[in-house]
Structure formats: structure tokens, C-alpha cells
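Each chain, letter by letter, is given below.
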Amino acid sequence: MPKLILLAVVAIIAGFFGYNQLLGKTYIDADKTVKGDFQVGQGKTATLRNGAKLTVEGNVSLNGEVDCQNGPIYIEVKGNLTVGGTIKCERTEAEIQSGRLGMGMVFVVSGSTTLSKNSILITNGNLQFVDKEENIAKTQEDIEKIFDEVESSSPSNNTTLGPLVPNGLTQKDQTFNLVKPVYADSHKFVSQGTIVIGSPKEKLPKDLSIATPPRGIRHIIINYNLPGADLELKDQTIIGPDGLDGLSISDECDINIPAKESEVDKKAKDALRFNAKARNIFINNFELWLGSGGQGGTAQTKVDCYPKATAIAGDGGKAGNFRFQANSGIYVQGSFNIHPGISGSGGDAIATAGGGGNGVDYQDGEKGGSAFAKGGNGADNIKDLSWLGVVKGVENISIDSVIAGAGGNAGAKAGSGGTGGCGAKGGQPGQAEAKGGKGGKYQLKIPQQVKRMAEVNDSDGPEGRPITEFGQKGKDGLPCSDKAGYIPKTTKPEGYAYQAAPVSQAGSVFLFRVWPRGYHTPTMALAKGPIYLDIHLSLQDPQTIKDYLPIRVVMFTNGNQFWEGTMKNGNVSCWANDSLDDCASIAGPTISDDWYIRGETKLTFKLYDKEGKELPQRQN
């Protein structure tokens, strides 16, 4: 039979049994039961897809690689389980958002389990080893219960080590010698090698990498629920994930993250919870990294919030924790190094208020917007190592640094007041208040027998830094007539200098100079762009200009009055060849782009003498 036909037949047969194996790769796409033993040898790969469950009625040996696609790894073993290779399951946010529980790996083992020193288990979901199916945490409520149970200080009928909480369990020293109990059966779980959950801040060993837990996974747990087995934690490193960063909100004007977070959202910022239950627990050369708390969410308002901008950031999450419970005893036979993790920092808050509006007609400018920002609080890191019942070898326990979370920074920027209308006052500046988040507090209470690790650095979290920026008072409006509206600025452009003007023609002539574009007649077409008007008057009549002073000058744009000024004195600088009596001038407004509407802007003028009579003008 040709080889291609033979391969096709093999594939069809394998598909009939719910999985296929091709070139050393096994794919399990649907629930499958294996009557005998199952193994993945070195250099081989098995992939469980779509949440398929693998049930093996014999023994399972996983010395190659096992991974997942679009679902967790779920393996039930009626015999014994041995792991010498790598098992990896990385869940995606799309999977979790589709309503599936945030599970990474589940192993139900009726016999004994051995994770060898070379084994690696890595996932960004929950990890469970149980001896009976009913001991699996199958629902979100089950996971919540385990999560809360870890930090509970309520009395227990079992021997208990942990949790690291203030006012924990009562310590009861035992007087008998450390002797490992011997049972008739060999039912046990030997946990060795490396287990990594999530993506912690610490550098991972063996160049491992894994995505952070998807946001849909509210809590990450390790659940060893083996009440009928002995549990040995030896020659092993378990690295737990940091808590998820809190909810961040931006582009709103009233942000209060703590008020918006649910209790589940707040707990999601807490790091790993490791709950182990067994008949006896033996610990020897065990490194436990509990993970750091997630950072509080950032609150950042829009940049023009009016009349008020409020930003209150989220608080940091708690560092990880563990609780070991045994029906009989807990025996720390060798080193047990606990790394408590750093509590989460508070989020930063930024509130930016908008400026007040300009006054219309004779109205004062509006007050600037006010801003309030409060950084999130850093989480406390208060640890009290406690135990209850038969716990031996506590002198082999060492605890790393206990560091509380930093307070979040806060920045509040108030708005400036608006410009006043005609002769009206400018608006007052808005108020600004910034409060840095409180730094968390640390505390560690341990019995005298427990050691500290080398170079510990216990510390409270620093306070958040407040930054306040106040607005400016709005400018007062310039005087103007009843029909006046917007008042432009009258500051001369930088570098402006008067220049000698030509002698005017005889008669009443009103001219104005547009800096720096030359001389123009009283009616002109003004192109878009800022210019500075310097207004001049030459009156060569039998009477001198002094007889008419003060002269009121009214300026119109497109027929609407928008500015006026008063010539009070003659100014020899305006006409170099004329006498003081024959000339007067006044600094006019700066015409800015704000005045340009569409097409051309027409400027015209009217002059009134000291008795209010309009002076005739000669158009040049």
C-alpha cells in the first residue's frame, strides 16, 4: 500500500477515537477515555483543544510537552501520574470573556502524583490538583470560597500553617520529636520542579514566559485538595502571579474609581492565594513566591472640565498569601523560604479644569473651573505568621522583605478666569486641591524561631506627591460704548517704532497707519492676519486741533462699532514736518485673527469734538 494512503488510513482511525497523532504531535479535540496507560515521550507533544477532557484508566507519564488551545488542560488519572516534561496552558482574554471559567490546569489523580525536579508547569489560569472530582473548584463561587478561606483566621480542626494575616491563628508548640508518620498505603503527591502562575515582576527561571492572567480571571488560586494523600513540597519553586492592575478611567470629568469598583474588582487586585489540604504535609527546600498586589487604577479627567474636574484614583491590592492544612501534621524538614511580595501602589490622579468664559457686553468674566485630585492609597502589608496544631520545624522557615504599597501621586490644575466684557472685571481663578495617596504600612510578627532572609528591606510605602497648579485671574475688559462687544488687546507689537509721515494735504484729513504695511485711507479692505493700527489726525483749518480736543474716535468694522478711543493731546511725532497744534494721534487696537470672519473686513471711523459734534473727514 502506498505510504500516502497508509497515513490517511491512520489519520481516519485516530480521528475515530477522538484524537489524532501526526509526526510526534497528538491533538485531542473532544473528551477522550484511554483504557490503558497514556504517555507523552520526550520530544513529543500533546495538545488538548476546546476544553477537551482526557480520562486515563491506567497510569500517565508526561515526559514531553503538553499544552492547550482554546480551553484548559483537564486530565483525570485513575492510576498514577508522573510528570518529567513541560505542561503549559496560556488562556486568552477572548476565551475568558466568552463566559468560561478562568481555569488553567486541572488534574484529578486517584493514585500518586510525582512532579520530578525537571518538571515545569506554567499557566496564567488557576491550577488544581485533587484526588477526587468533587474536590475541584468548578464554579466562580467555589474559587471565591477558596480565595477567602486562605486569609481566614477562624479556628480550624486541622493542623494549619499560615495564613500571613494580622491577629492570625493561636500558636501552639508541640513537644514530641519530628518523626515522619508511616501509612500502610503509598498514596502521596510529591511536588517538585518549577511552577509558574501568571507573569510576576520577578525574573522567571529557565527563560520561561507566560502572559499575565486575562482580566476575565478575577482570582488566581493554586488548589491542592488532597485530604487522603501525603503532600511533599520539596526541591521546588512556586512563583505566583501579581494581582491585576485596577480599573483605570479617563476622558470623564467626575471620576471616582473606588466608588465604581465592585468587591470582585477590588479582590482581583490581590495576588495569588495558595490553599493546600492533605493528610500530612512535608516541606523541604521549598521557595514560595506569593506575588505582589496589583496597582490601583489611574483616574485622568478631560482637559476642559467645567465647572469642576474630579479625579479619585484606585487603591492598591494586597500581596499574595497561603494556607496549609493537614489532617495530621505539618513537618518543615528543610528550608522553607517565603517571599511575601510587595503590596500594590495606589493609582495616580490627574484633574484638569477648563477656563471660565469671557464676559458678554458688560458682564464680568466667568470664574475658572476648580479641580480636585486624590491619589489612590497604597495597600498595607501586615504579616503575622501563625500556626495551629502539630507544626514542627518552624525554625527552618525564613521570611523575605515585607514592603507596603506606595501612595499614588495627584495633580490638580484649576482653570483661569475669563476676560471681562466692556469695562467689566475679569473672572476669578478656579480653586485647585491635590491630595497624594496614603502610603501603606508594613508590620511583621513572627515567633523567635522563624528566621529572616539575608538583606531584608522592610518598609512602609511612601506618601503620594501632590501637585497643585492654580489658574490666573481673567483680564478686565476695556471701556467701550453701548454697542461695544469684544475688546481686543492694545499692546504694540514687539519691535514697533514710529516713523516720520509725509505732510498731509490741506483741510480735514483723517489717516491711520497699519504697522508694518504703510499708510491707508480711513476706509480700507483688511486682509486676514494680525496688524497694529496707529491713528493720526491732521486738521489744517483756521482753528487748531487744540480747539477740538479731546477728540473721540469711534471705529467700525463692517458697519458695527467695536472700538473707541480719545485723542487728548497733540503728538509731534506723528507728523514730522507739522507743528504740534496741527496734529494729534492715538494708539489704536491690534487687529487679530479673532476679528476676521469671512472675506474682507471693512474699517471705517467717525470723529467727535469736545462738544460731541461730528468732525468732517476728507477721504484721500
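Residues numbered from 1 in each chain as written. Predicted model: local features only at pLDDT ≥ 70, side-chain atom pairs only at ≥ 80, totals over all residues. Heavy atoms only, no water.

Novice: For this particular structure, what's the right way to read the overall build of the protein?
Specialist: The number of helices and strands found in the protein is five helices and 44 strands. Looking at the protein as a whole, 50% of its 620 residues qualify as buried. When contacts within the protein are restricted to residue pairs at least 6 apart in sequence, long-range pairs at least 24 apart make up 74% of them. Total accessible area on the protein is roughly 28,300 Å²; 49% of this is exposed by carbon and sulfur atoms. (Helix = DSSP H or I, 4+ residues; strand = E, 2+ residues; numbered from the N terminus. Buried < 20%, exposed > 50% of the residue type's maximum accessible area, 1.4 Å probe, protein only. Contact = heavy atoms within 4.5 Å. Areas by Shrake-Rupley, 256 points an atom, 1.4 Å probe, with all protein chains shown as cover.)

Novice: Even after reading the chapter, I still don't get the state of the cysteines, so can you show me in this structure?
Specialist: Each disulfide is one covalent bond, formed between the sulfur atoms of two cysteines. What the rule picks out here adds up to two disulfides. Shown here is the disulfide that connects Cys68 with Cys89, its sulfur atoms set 2.2 Å apart. Taking the torsion about the S-S bond as the criterion, the Cys68 to Cys89 disulfide, at about 95°, is right-handed. Placement of Cys68 in strand E8 (residues 65-69) and of Cys89 in strand E11 (residues 86-89) is noted, with a sequence separation of 21 residues between them. Here Cys68 falls in the buried class, since its relative accessible area comes to 11%. Owing to a relative accessible area of 0%, Cys89 belongs among the buried residues under this scheme. (Disulfide = S-S within 2.5 Å.)

Novice: Honestly, the sheet that holds strand E23 (residues 308-312) in this entry has me stumped. Any pointers?
Specialist: Sheet architecture is open: four strands sit in the order E20-E23-E28-E33, paired in parallel fashion. Edge strands, defined here as strands with exactly one partner in the open sheet, are strand E20 (254-256) and strand E33 (432-435). On average, each strand axis in the sheet is inclined to that of its neighbour by 5°, with strand direction left out of account. For strand E28 (residues 370-374) and E33, the ladder comprises four bridges, and the chain directions are parallel. Looking across to E33, one finds that Lys374 is bridged to Lys435. (Pairing = 2+ DSSP bridges. Axes fitted to C-alpha atoms, helices over the stretch in contact; angles between N-to-C directions.)

Novice: Got a minute to help me understand the pairing of strand E12 (residues 103-109) in this structure?
Specialist: For a regular strand, the rule is simple: side chains alternate between the two faces of the sheet. Taken across its seven residues, E12 has seven buried, putting it largely inside the fold. Sheet topology note: the strand E9 (residues 73-77)/E12 ladder contains five bridges and is parallel. In the strand pairing of E12, Ile73 is matched with Met105.

Novice: Looking at this structure, I do not really get the environment of Glu611. What am I missing?
Specialist: Summarising the element assignment, Glu611 is placed in the segment after strand E44 (601-608). In the structure, Glu611 is positioned 60 residues away from Ile551 in sequence and 9.1 Å away in space, judged by C-alpha atoms.

Novice: Sorry, what's going on with unusual backbone geometry here?
Specialist: Trans peptide bonds make up most of the peptide bonds, and negative phi angles are found at most residues other than glycine. Cis geometry marks the peptide bond from Gly162 to Pro163, where omega comes out at 5°. Among the structural elements, Pro163 can be located in strand E16 (residues 159-164). In the segment running from Tyr306 into Pro307, the intervening peptide bond is cis, with an omega of 5°. Along the polypeptide, Pro307 turns up in the loop between strand E22 (299-301) and E23. Positive phi, normally seen in glycine, also occurs at Asn50, with a value near 60°.

Novice: Explain the side chain of Thr47 here, please?
Specialist: Of note, Thr47 is situated in strand E5 (residues 45-49). Accessibility expressed as a relative area gives 4% for Thr47, which makes it buried. Separated by 2.5 Å, the side chains of Thr47 and Asp67 make a polar contact. If near-sequence neighbours (up to four positions away) are discounted, Thr47 is found in contact with Thr26, Tyr27, Ile28, Asp67, Cys68 and Gln69. (Polar contact = N/O pair within 3.5 Å; in protein donor to acceptor, adjacent residues only side chain to side chain.)

Novice: Explain the sheet that holds strand E27 (residues 349-352) to me, please; I cannot follow it from the model alone.
Specialist: The strands that make up a sheet pair up through hydrogen bonds in the backbone, lying either parallel or antiparallel. Strand order in the open sheet formed by five strands is E19-E22-E27-E32-E36, and the pairing between neighbours is parallel. Strands with a single pairing partner mark the edges of an open sheet, and in this sheet they are strand E19 (249-252) and strand E36 (466-469). Along the sheet, successive strands turn relative to each other by an average axial angle of 10°, direction set aside.

Novice: Please clarify how the environment of Asp242 should be interpreted in this entry.
Specialist: Following the sequence through the fold, Asp242 ends up in the loop between strand E18 (221-239) and E19. Asp242 gets classed as buried once you look at its relative accessible area, which sits at 13%. Between the C-alpha atoms of Asp242 and Gly344, which are 102 residues apart in sequence, the distance is 9.0 Å. From its side chain, Asp242 meets the backbone nitrogen of Ser292 in a polar contact 2.8 Å long.

Novice: For this particular structure, what's the right way to read the confidence of the model for the protein?
Specialist: Fine structural detail should not be taken from predicted coordinates in areas where pLDDT scores are low. Within the protein, residue pLDDT values average 79, and 72% of them lie at 70 or more. Predicted confidence for residues 571-581 stays below pLDDT 50, and this span has 30 contacts to residues more than four positions away or in other chains. Every residue in residues 593-600 is under pLDDT 50, and counting partners more than four places away or in other chains gives 15 contacts. (pLDDT = per-residue confidence, 0-100.)

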